[in-house]
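Descriptive analysis of the structure
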Amino acid sequence: MVDLNFDEARLDEMPVFYFINYINLIHDNFLKDNFNDIAPRDFTYLSNIYYHEDLSQRELADLLFVSESNVAQIIKRLEKNGYVKRDVVKDNNGKKILSLTDKGESAFNSLLNLIVEFESKLFKDYSAEDKDKFREMIHDYCERAAEY
């Protein structure tokens, strides 16, 4: 295990982004250890498809700040592995709507349950109010970051 203890004086100097990035790396490693055919970035794609109905590839690209061709490549792989399907909307210039297959929903729910379990261990020593406040703050941080 990595020792993350820092000198208290240095801790105040470190940007919040450093910690968020490190948490993301730990999360990615956790997913790699628990799922063979789902890459860490795939969870972001699966969750956005799950939570946003009638989501097109272009809209997904906009949500994730990536190119549409990047989305197409990842969706193609997820589709090949049976997690995602693309349905063409008639009378809309071939717009493709993304949705999870039964296998995709099952995988997403399994991943989500593991993540909730993982988070519950991280938050075990915090009150419900602290968890809610942290969630509010991190949501606000995300929204502000998206404005740039």
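Computed from a predicted model, the values in this text were never measured in an experiment.

Moving on: the pairing of strand β3 (residues 96-100). The pairing of strand β1 (residues 55-56) with β3 spans two bridges and is classified as antiparallel. Within β3, the residue paired with Leu55 across the bridge is Leu98. Note: strand β2 (residues 84-88) against β3, five bridges, orientation antiparallel. In the strand pairing of β3, Val88 is matched with Lys96.

Right, let's talk about a nonpolar patch on the surface for a bit. Residues Val16, Phe17 and Tyr141 make up a contiguous nonpolar surface patch of roughly 290 Å² in combined accessible area. Tracing the chain through its elements places Phe17 in helix α2 (residues 16-34).

Moving on to the pattern of salt bridges. What the rule picks out here adds up to seven salt bridges. Notably, a salt bridge pairs Arg86 with Glu79, separated by 2.6 Å at the nearest N-O pair. One salt bridge connects Asp132 with Arg135, and the closest N-O pair in it is separated by 4.0 Å. Of this pair, Asp132 and Arg135 are both found in helix α7 (residues 128-146), three residues apart, which corresponds to roughly one turn of the helix. Relative accessible area serves as the criterion here: at 44%, Asp132 is assigned to the partly exposed category.

Quick look at the packing of α2 against helix α6 (residues 102-122) now. Interhelical geometry of α2 versus α6 gives an angle of 130 degrees and a closest axis separation of 12 Å. It follows that α2 is oblique to α6 by the angle criterion. Considering the relative orientation of α2 and α6, their crossing is right-handed. Across the interface between the two elements, Ile26, His27, Phe30, Leu31 and Asn34 from α2 touch Leu111, Leu114, Ile115 and Phe118 from α6. Its residues assigned to classes, the contact of α2 with α6 shows seven nonpolar, two polar and no charged.

Let's shift gears to the packing of aromatic side chains. This model, assessed by the stated rule, comprises eight aromatic pairs. With 5.6 Å between their ring centres and 10 degrees between their planes, Phe43 and Phe108 make a pair best called stacked. In this pair, Phe43 sits in helix α3 (residues 40-51) while Phe108 sits in helix α6, placing the two residues 65 residues apart along the sequence. Classification of Phe43 by relative accessible area gives buried; the value is 12%. For Phe108, a relative accessible area of 0% gives the class buried.

Positionally, Val84 belongs in strand β2. Residue class for Val84 comes out buried when judged on its relative accessible area of 2%. Residues Val84 and Lys103, spaced 19 residues apart in sequence, show a C-alpha to C-alpha distance of 8.3 Å. Residue contacts for Val84: discarding those within four places in its chain leaves Leu46, Ile49, Ile75, Leu78, Glu79, Leu98, Ser99, Leu100 and Thr101.

Procedures and definitions
- Residues numbered from 1 in each chain as written.
- Predicted model: local features only at pLDDT ≥ 70, side-chain atom pairs only at ≥ 80, totals over all residues.
- Heavy atoms only, no water.
- Pairing = 2+ DSSP bridges.
- Helix = DSSP H or I, 4+ residues; strand = E, 2+ residues; numbered from the N terminus.
- Patch = residues over 30% accessible without salt bridge, like charges linked within 9 Å, V, L, I, M, F, W, Y side chains within 5 Å.
- Areas by Shrake-Rupley, 256 points an atom, 1.4 Å probe, with all protein chains shown as cover.
- Salt bridge = Lys/Arg side-chain N within 4 Å of Asp/Glu carboxyl O.
- Buried < 20%, exposed > 50% of the residue type's maximum accessible area, 1.4 Å probe, protein only.
- Axes fitted to C-alpha atoms, helices over the stretch in contact; angles between N-to-C directions.
- Parallel < 35°, antiparallel > 145°, perpendicular 65-115°, else oblique.
- Left-handed = near helix turned anticlockwise from the far one by under 90°.
- Contact = heavy atoms within 4.5 Å.
- Nonpolar A, V, L, I, M, F, W, Y, C, P; charged D, E, K, R; others polar.
- Phe/Tyr/Trp six-rings, centres within 6.5 Å; stacked < 30°, edge-to-face > 60°.

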